[in-house]
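# Summary of the model geometry
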Amino acid sequence: MRTLILLRHAKSDYPSGVPDQDRPLAPRGIREGALAGDWLRKHVPAVDAVLCSSATRTRQTLARTDIEAPVQYVDRLYDATPGIVLAEINQVEQTFPAEVRTLLVIGHEPVMSSLALGLAGDGSAPEAVEAIGHKYPTSAIAVLRTEKPWSALELDSAALVAFHVPR
């Protein structure tokens, strides 16, 4: 069984004159990023690898979680589509040398919600599906499980088992 965690970056700030990709976390985001890490350590298997958007706010979110695992910062995850993110997930076996059973992906909306709902198939928790369909706020975490190898992960091939918003 493999676990896929889709984490939307924590709340970002909007400093004047700073390009979108360079926006840092807001004070609330700094706190919520740490809460996300606490929740992950208590509720999912230890993270084996991380795919993270190259944006400043996603990098800072990862730092605040205190998750220690090999990380690949991927420019394509910024301003991505669900298909692009899924393609990066499908390459995990080539991206990381060790076996990855639990993968954390840190990205942006609207991609995180679209991907979570697109992957959610049989065995998904209806309350998680409904919550994501309503809103995928900053710092939100979707947890999916699948028996498929990363290279074969496709739409409707995972069970969305949890959705949590750390506050």
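Residues numbered from 1 in each chain as written. Predicted model: local features only at pLDDT ≥ 70, side-chain atom pairs only at ≥ 80, totals over all residues. Heavy atoms only, no water.

In the nomenclature of an unreviewed UniProt entry, the protein corresponds to Phosphohistidine phosphatase SixA from the organism Mycolicibacterium canariasense.

Buried residues dominate strand β2 (residues 49-53), accounting for 5 of its 5 residues. On β2, burial covers both faces: Ala49, Leu51 and Ser53 on one face and Val50 and Cys52 on the other are all buried. The pairing of β2 with strand β4 (residues 102-107) spans 4 bridges and is parallel. From the neighbouring strand, cysteine 52 faces β4, where its bridge partner is isoleucine 106. Here β2 runs beside strand β3 (residues 71-74); their pairing, made up of 4 bridges, is parallel. Within β3, the residue paired with cysteine 52 across the bridge is tyrosine 73. (Buried < 20%, exposed > 50% of the residue type's maximum accessible area, 1.4 Å probe, protein only. Helix = DSSP H or I, 4+ residues; strand = E, 2+ residues; numbered from the N terminus. Pairing = 2+ DSSP bridges.)

So, about the packing of aromatic side chains. Overall, the coordinates contain 1 aromatic pair when judged by the stated rule. Their ring planes at 55° and their centres at 5.1 Å tell us that tyrosine 136 and phenylalanine 163 sit as a pair that is tilted. Of this pair, tyrosine 136 sits in the loop between α6 (126-134) and β5 (141-146) while phenylalanine 163 sits in strand β6 (residues 159-164), and the two are 27 residues apart along the sequence. Judged by relative accessible area, which is 3%, tyrosine 136 ranks as buried. (Phe/Tyr/Trp six-rings, centres within 6.5 Å; stacked < 30°, edge-to-face > 60°.)

Ranked by size, the top nonpolar core spans 33 residues in total, and within it Leu4, Leu6, Leu51, Ile89, Leu103, Val105 and Ala142 carry the most contacts. Of all the secondary structure elements, the ones that give two or more residues to this core are β1 (2-8), β2, α3 (82-90), β4, α5 (111-119), α6, β5 and β6. The element contributing the most residues to this core is α5, with 5 residues. For valine 105, the contacting residues outside a window of four places in its chain are Leu4, Ile5, Leu6, Leu7, Leu51, Leu77, Val85, Ile89 and Met112. In terms of nonpolar packing, the next biggest core, distinct from the first, is built from 16 residues, Trp39, Leu40, Ala69 and Val143 among them. (Core = buried A, V, L, I, M, F, W, Y, C linked by side-chain atoms within 4.5 Å. Contact = heavy atoms within 4.5 Å.)

Further remarks concern the packing of α3 against α5. A pair of packed helices is characterised by two quantities: the angle between their axes and the separation of those axes. One way to put it is that α3 packs onto α5 with a least axis distance of 9 Å and a crossing angle of 65°. Accordingly, the angle class assigned to the pair α3 and α5 is roughly perpendicular. For α3 against α5, the interelement crossing comes out right-handed. Mapping the contact onto sequence places Pro82, Val85, Leu86 and Ile89 in α3 and Val111, Ser114, Leu115 and Leu119 in α5. Its residues assigned to classes, the contact of α3 with α5 comprises 7 nonpolar, 1 polar and no charged. (Axes fitted to C-alpha atoms, helices over the stretch in contact; angles between N-to-C directions. Parallel < 35°, antiparallel > 145°, perpendicular 65-115°, else oblique. Left-handed = near helix turned anticlockwise from the far one by under 90°. Nonpolar A, V, L, I, M, F, W, Y, C, P; charged D, E, K, R; others polar.)

Our next topic: the environment of arginine 101. Within the element layout of this structure, arginine 101 appears in the loop between α4 (92-95) and β4. Using a relative accessible area of 32% as the deciding quantity, one classes arginine 101 as partly exposed. Sequence separation between arginine 101 and leucine 7 is 94 residues, and the spatial gap between their C-alpha atoms is 17 Å. Leave out the neighbours within four places in its chain, and arginine 101 touches Met1, Arg2, Thr3, Asp48 and Trp150. There is a polar contact of 3.1 Å between the side chain of arginine 101 and the side chain of glutamate 99. (Polar contact = N/O pair within 3.5 Å; in protein donor to acceptor, adjacent residues only side chain to side chain.)

Considered for burial, the residues of helix α2 (residues 56-65) that qualify are Arg57, Thr58, Thr61, Leu62 and Thr65. The buried residues of α2 all sit within an arc of 140° when viewed along its axis, so they share a single face. Buried positions along α2 lie against β1, α1 (27-43), β2, β3 and β4. Positive phi shows up at aspartate 66, right after α2, with a value of about 60°. (Arc of directions from axis to C-beta.)

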